[in-house]
Amino acid sequence: GTFNSISTAAKIGLGVAAAGVAGFVKISVDAYSEYEQLSGGIQKLYGNMGMSVEDYARVNNKSVSQVQDDWERNERAQQKVFDNASQAYKTAGMSANDYMDQATTFSAKLIKDLGGNTEKAADVTDVAIRAMSDNYNTFGGNIENIQNAFNGFAKENYSMLDNLKLGYGGTKEEMQHLIDDANTYAASIGEASDMSIDSFADIIRAIELIQEKQQIAGTTARESSTTLEGSFNSMKSSWSNFAAEFGKDDADIGARTKELVESVATYLGNLIPRVEQIAKAAFDELPKVIEAARDKLPGPINAIIDIIGTI
């Protein structure tokens, strides 16, 4: 009875709102479904697969005291990946889901090279993903080519090294050259300079150092707040995080809302001055261009210009 008594306009408004909510629910369900699958992979590769320390000890046929340190390290490792993923909209220009998807592609090799140290692997994973994003946002091209290059390095395939456009060709010798240059640079800034081509973790660090030397490192984080494309990618990724959050049992909607609002404000802060500049230039300069072209245009075109000028 109440619904029938309200105006047609109000009914239409409720219908639009309901459709909007239904559309968002689908977006959120899809985003959360992807998150659920990817977070499970992170727990398996970096963490303890949701097991208590007692269960972890039982699975490994050891006592709790024997596995306590490893279990705690794995808990810290997976939390690092989750934390880094949640901030990737600013640091790497990607959503948490995209970050976790990339983190699982070479994690097994990385963890193996680091002697099973999942916490260190989480740190190096973050270095790798930021390095890929910085490279892409500096040179453009296809992000998949850069990701494929890193995935190849994990398999001792260096043929795509030139995809990174750092001045090194796609051969094992050129990768060794890059590592040698990175060791030299590391020594010059007081860091350890014993990186080896035999370690995937060292290859990642070497690439990061070369990009730091070439002032590429940190590009994504800078552009996420200062450029149109960078801030748009950050806003889009923040929206993905916001949508996925609604499906979580421990959802922090407030935090994701704050991040989304801030990223939208940053994008608009970059967009509005450009729109104003373009509009001003158009109003100032287009009439001059039209007037200058009048003498060279045929009669019918001039008539059209006159009509446009009256609109």
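Placed above this text is the structure.
**Q** How should I be thinking about the side chain of Ser231 in this particular structure?
**A** Along the chain, Ser231 turns up in helix H13 (residues 228-245). Taking relative accessible area as the criterion, Ser231 reaches 1% and is therefore assigned buried. If near-sequence neighbours (up to four positions away) are discounted, Ser231 is found in contact with Glu223, Ser224, Thr266, Tyr267 and Asn270.

**Q** Just to check I follow, could you spell out the packing of helix H8 (residues 118-139) against helix H9 (residues 143-154) for this structure?
**A** Each pair of packed helices can be summarised by the angle the axes make with each other and by the distance between the axes. Viewed as axis vectors pointing N to C, H8 and H9 meet at an angle of 145 degrees, and their least axial separation amounts to 9 Å. Relative to H9, H8 is oriented so that their crossing is right-handed. Touching Ala128, Ala131, Met132, Asn135 and Tyr136 of H8 are Ile143, Ile146, Gln147 and Phe150, all from H9. A per-class count over the contact of H8 with H9 returns 7 nonpolar, 2 polar and no charged.

**Q** What's the story with the side chain of Ser39 in this structure? I'm lost.
**A** One can find Ser39 in helix H2 (residues 8-45). Polar contacts involving the side chain of Ser39 include one to the main-chain carbonyl oxygen of Glu36, which spans 3.1 Å. Residues contacting Ser39, with those up to four places away along its chain left out, are Phe82 and Met100.

**Q** Could you clarify how one ought to interpret the environment of Tyr56 in this entry?
**A** Of note, Tyr56 is situated in helix H3 (residues 53-59). When the C-alpha positions of Tyr56 and Trp71 are compared, they lie 7.3 Å apart, and in sequence the two are 15 residues distant. Residues in contact with Tyr56, not counting those within four places in the same chain, are Asn48, Met51, Val67, Asp70, Trp71 and Asn74.

**Q** Quick question: what am I supposed to make of a nonpolar patch on the surface here?
**A** A contiguous nonpolar patch, built from Val21, Val25 and Val29 and spanning about 250 Å² of accessible area, is present on the exposed surface. Note that Val25 resides in helix H2. A relative accessible area of 43% places Val25 in the partly exposed class.

**Q** Sorry, what's going on with the packing of helix H6 (residues 96-103) against H8 here?
**A** For the pair H6 and H8, the least separation of the axes is 10 Å and the interaxial angle reads 115 degrees. In terms of orientation, H6 lies roughly perpendicular with respect to H8. Taken as a pair, H6 and H8 cross one another with a handedness that is right-handed. Contact with H6, carried on its side by Tyr99, Gln102 and Ala103, involves Thr125, Asp126, Ile129 and Met132 of H8 and no other residues of that element. Counted by class, the contact of H6 with H8 contains 4 nonpolar, 2 polar and 1 charged residues.

Thresholds applied
Residues numbered from 1 in each chain as written. Predicted model: local features only at pLDDT ≥ 70, side-chain atom pairs only at ≥ 80, totals over all residues. Heavy atoms only, no water. Helix = DSSP H or I, 4+ residues; strand = E, 2+ residues; numbered from the N terminus. Buried < 20%, exposed > 50% of the residue type's maximum accessible area, 1.4 Å probe, protein only. Contact = heavy atoms within 4.5 Å. Axes fitted to C-alpha atoms, helices over the stretch in contact; angles between N-to-C directions. Left-handed = near helix turned anticlockwise from the far one by under 90°. Nonpolar A, V, L, I, M, F, W, Y, C, P; charged D, E, K, R; others polar. Polar contact = N/O pair within 3.5 Å; in protein donor to acceptor, adjacent residues only side chain to side chain. Patch = residues over 30% accessible without salt bridge, like charges linked within 9 Å, V, L, I, M, F, W, Y side chains within 5 Å. Areas by Shrake-Rupley, 256 points an atom, 1.4 Å probe, with all protein chains shown as cover. Salt bridge = Lys/Arg side-chain N within 4 Å of Asp/Glu carboxyl O. Parallel < 35°, antiparallel > 145°, perpendicular 65-115°, else oblique.

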